[in-house]
Amino acid sequence: MRPFKVIRPTNEKEAMEQVSKGNASYLAAGTDLLNRIKEHVASPDSVVDLKSLPGMNTIEVTDQGIWIGALVRLSAVSSHTDVLSRFPAVCETIIHAATPQIRNMATVGGNLCQKPRCWYLRHEGYSCVKNGGTGCWARDGENEFHGIFDNQICSATQPSNLAPVLVAHEAVIEIASKDGVRELTADQFFIGPSSDPLREVSLEEGEFVRRVMLPESTRAGSWAYEEAREKQSFDWAQASVTLLLDRGGRKGDHRVVLGAVSPAPLRRSDIEKKIDGSDDEIAEASGIAGAGATPLSENGYKIPMLKGLIGKAIRSARSRKEG
Ligand SMILES: Cc1cc2nc3c(=O)[nH]c(=O)nc-3n(C[C@H](O)[C@H](O)[C@H](O)COP(=O)(O)OP(=O)(O)OC[C@H]3O[C@@H](n4cnc5c(N)ncnc54)[C@H](O)[C@@H]3O)c2cc1C
Ligand code: SF4
C-alpha cells in the first residue's frame, strides 16, 4: 500500500483548504477509499479525515424532517427510532447493504460518495473514460453487472443503496463549499456520465457532504423496497426498486425509483402513473420496466428481473397499506 499522510482538520475551512492542496482525498470510515488505495486505483498523497470535524455525527429530528450528519454510521441510521417510524424505506435499503460489520463502520456521506464497482475501474491495469482515459472496456467486455439505461458513455451503475430512496424522498443534501453551505436535492446530487464522466455526484473541488435531510413532506403512506442480487449473504444489488405511495398524505403522489441499472438513480414516472390502476394496469406497469433500456451483451436479464421486482414492490406496498 502506498504511504499517505493523514490530516485531521479542526474546522470545515481547514478541511477544504487541505483537500484542495495537491493530490488529496476526503476520508470517512475508509471502507471504500482504503480498498481503492490498497488496490492501487487511488493514490492520494494525503487524506483529510472528516471524522475530526465536530457536529457531523448526529441525527436531529425537527418538524420539517430528519437531518442526518454525513458521519453517522449506516447502522445508526437504520436503528434510529424516528427514522424507522417516519422513513422506514430508508432503513430497509440500508439493511440490504453490505454486511453488519461494514454497516457499523460505513458513513452516510461515504455511502453516497463511494466510487462505482465496475471491475475495470477498480483494476489498476485499465484506463477508461471514467478515470481520465478514453473508451469503455465493459461495452464489449464483461458487463453482466453493468447498467441497462443511459449506458452509452459509461455503464457503471450508482452503487449506493441509499441513493434511490433519497431521490424518492426528495432528500436535501447539504454541502460545505468554499462560498458557504449550499443545498441540492438528491435528484440533482447524483449525476450521470453525460454531465461529467469523472464524477457520480455533483460536488465541486473541495466540497463535502455535511448532512442529509429527509423531508417530513415526503413521508410515505406506504412503501416497498425490493432488490435482487447474486449472493444473498452480502452483495451489491443487480437491480432494485424503491416505491413510495401517497407521499405526505397526498393521494396519488407516488415515486418509483430504480437502482443498480443506471449511472444515477432512475425515477420512472411512467410506472408511477399506473400504480393506482386496475390489475391489468399494474401488470402493464411491470411490462414497461424495460422501456428505453439498451442492454449490453451480458445484462439483458436485468429487464425481466426489473419486471418481477416492480410487480413485487407494488403488491407489497399495497398490502402494507391495507394491513
Ligand atoms: C464487501 C462490501 C459490500 C458492500 N455492499 C454494499 C451494498 O450492497 N450497498 C451499498 O450501498 N454499499 C455497499 N458497500 C459499500 C459501502 O457501503 C461503502 O464502502 C461505504 O458506505 C463507504 O462509506 P465510508 O464512510 O467507509 O467512506 P470512505 O471509504 O471513507 O469514502 C468513500 C468515498 O467518499 C468520499 N467521502 C466520504 N465522505 C464524504 C463526505 N462527507 N463528503 C464528500 N465525500 C466523502 C471519500 O473521499 C471517498 O472517495 C459494500 C462494501 C464492501 C466492502
Ligand atoms: S463501465 Fe464506465 S467505469 Fe467501467 S470500463 Fe466502462 S467507462 Fe470505465
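Since the model is a prediction, treat every value here as computed from it, not as a measurement.

Rules used throughout
The residue numbering used here restarts from 1 in each chain and proceeds along that chain's sequence as written. The lettering of chains begins at A and the numbering of ligands begins at 1, in the order of writing. Where totals are concerned, whole chains, interfaces and linings use all residues; where local detail is concerned, this predicted model gives features only for residues with pLDDT of at least 70, and gives and counts side-chain atom pairs only at 80 or more. Computation of side-chain values covers all heavy atoms of the structure but excludes hydrogens and water. Here, a salt bridge means any side-chain nitrogen of Lys or Arg that lies within 4 Å of a carboxyl oxygen of Asp or Glu. Per the convention used, a helix needs a DSSP run of H or I reaching at least four residues, while a strand needs a run of E reaching at least two, with both numbered from the N terminus. Residue burial is assigned from relative accessible area. The probe radius is 1.4 Å, only protein chains are included, and a residue is buried under 20% of its type maximum, exposed over 50%, and partly exposed in between. Whenever a helix is involved, its axis is fitted only over the stretch in contact; in every case the axis is a line through C-alpha atoms, and angles between N-to-C directions fall within 0 to 180 degrees. Roughly parallel means an angle under 35 degrees; roughly antiparallel, over 145; roughly perpendicular, 65 to 115; everything else is oblique. Throughout, a contact is declared for two residues whenever any of their heavy atoms are within 4.5 Å. Under the scheme applied here, ten amino acids are nonpolar (Ala, Val, Leu, Ile, Met, Phe, Trp, Tyr, Cys and Pro), four are charged (Asp, Glu, Lys and Arg), and all others, including Gly, are polar. Note that the domain bounds reflect an automated or database-derived domain assignment. If DSSP finds at least two bridges between two strands, the strands pair. A 1.4 Å probe that fits but cannot get out identifies a cavity on a 1 Å grid over protein atoms alone, an open set with protein on both sides within 12 Å along at least five of seven lines counts as a pocket, and a residue lines either if it has an atom within 4 Å of a point. Grid points are joined across faces, edges and corners, and a volume is the space filled by probe spheres set on the points. A cutoff of 4 Å decides nearness: a residue is near a molecule or strand if any of its heavy atoms lies inside that distance of it. Molecules are considered to sit inside a cavity or pocket once more than half of their atoms lie within 2 Å of its grid points. The arc under discussion is defined with respect to the helix axis, by the directions toward the C-beta atoms.

It is worth spelling out the pattern of salt bridges at this point. Per the counting criterion, the structure on display carries 30 salt bridges. Linking Glu 12 and Arg 210 is a salt bridge whose minimum nitrogen-to-oxygen distance equals 2.8 Å. Of this pair, Glu 12 sits in helix H1 (residues 12-19) while Arg 210 sits in strand E8 (residues 208-215), and the two are 198 residues apart along the sequence. What makes Glu 12 partly exposed here is its relative accessible area of 22%. The exposure class assigned to Arg 210 is partly exposed, which follows from its relative accessible area of 24%. For Arg 268, the salt bridge is made with Asp 270, and the minimal N-O distance between the two is 2.9 Å. Here Asp 270 falls in the partly exposed class, since its relative accessible area comes to 28%. Three or more residues are tied together by salt bridges with common partners; here these are Glu 12, Glu 60, Glu 174, Arg 210 and Arg 211.

What follows concerns the packing of helix H11 (residues 279-287) against helix H12 (residues 302-322). Two numbers describe how H11 lies on H12: the axes approach to 7 Å, and their chain directions differ by 140°. One way to sum up the angle between H11 and H12 is to call them oblique. Here Asp 279, Ile 282, Ala 285, Ser 286 and Gly 287 of H11 lie close against H12, whose contacting residues are Lys 307, Ile 310, Gly 311, Ile 314 and Arg 318. The residue inventory of the contact of H11 with H12, partitioned by class, reads four nonpolar, three polar and three charged.

This paragraph deals with the domain arrangement of the protein chain. One can read the domain layout of the protein chain as domain 1 (1-53), domain 2 (59-113 + 157-217) and domain 3 (218-322). The C-alpha centroid of domain 3 is placed 36 Å from the C-alpha centroid of domain 1.

Another aspect to go through is the sheet that holds strand E11 (residues 255-259). Pairing in this open sheet of four strands is antiparallel, and the strands run E9-E10-E11-E12 from one edge to the other. With partners counted over all chains shown, the strands left at the sheet margins are strand E9 (222-228) and strand E12 (266-267), one partner each. Of the pairings in the sheet, the one linking strand E10 (residues 239-245) to E11 comprises five bridges and is antiparallel in character. When the bridges of E11 are listed, Val 241 appears paired with Leu 258. Across the sheet, helix H5 (residues 88-95) lies against E9 and E10, angled at about 15° from E9, the strand it touches most. Contacts from H12 reach E9, E10 and E11 within the one sheet, and its direction differs from that of E9 by about 150°.

Now for empty space enclosed by the protein. According to the stated counting rule, one finds three cavities of 30 Å³ or more in the structure shown. The space that makes up the largest cavity amounts to roughly 80 Å³. If you trace the largest cavity, you find 14 residues lining it, with Cys 118, Cys 128, Lys 130, Cys 136 and Cys 154 closest to the centre. Across the lining of the largest cavity, the residue classes break down as ten nonpolar, three polar and one charged. The volume enclosed by the second largest cavity comes to roughly 60 Å³. Looking at side-chain class alone, the lining of the second largest cavity contains six nonpolar, one polar and three charged residues.

Okay, the site of ligand 2 next. Inspection of the region around ligand 2 gives 14 residues, with Cys 118, Cys 128, Cys 136, Cys 154 and Ser 155 positioned closest. With respect to the detected pockets, ligand 2 is housed in the largest cavity. Broken down by class, the residue content of the shell around ligand 2 amounts to ten nonpolar, three polar and one charged.

With that out of the way, let us pick up H11. Regarding H11, the residues found buried are Ile 282, Ala 285 and Ser 286. End-on, the buried residues of H11 take up no more than an arc of 95°, which puts them together on one face. Pointing more than 90 degrees away from the buried face of H11 are the exposed residues Asp 280 and Ala 283. Next to the buried residues of H11 lie helix H10 (269-272) and H12.

With parallel pairing, the three strands of this open sheet are ordered in space as E1-E3-E2. Every other strand in the sheet has two partners, leaving strand E1 (5-7) and strand E2 (24-27) as the edge strands with one partner each. Across the sheet, the mean angle separating the axes of adjacent strands is 30° when strand polarity is ignored. Relative to strand E3 (residues 46-49), E1 runs parallel, the two sharing three bridges. Residue pairing across strands places Ile 7 opposite Val 48, the latter belonging to E3. Sheet strands in contact with H1 are E1, E2 and E3, and its direction is about 140° off that of E2.

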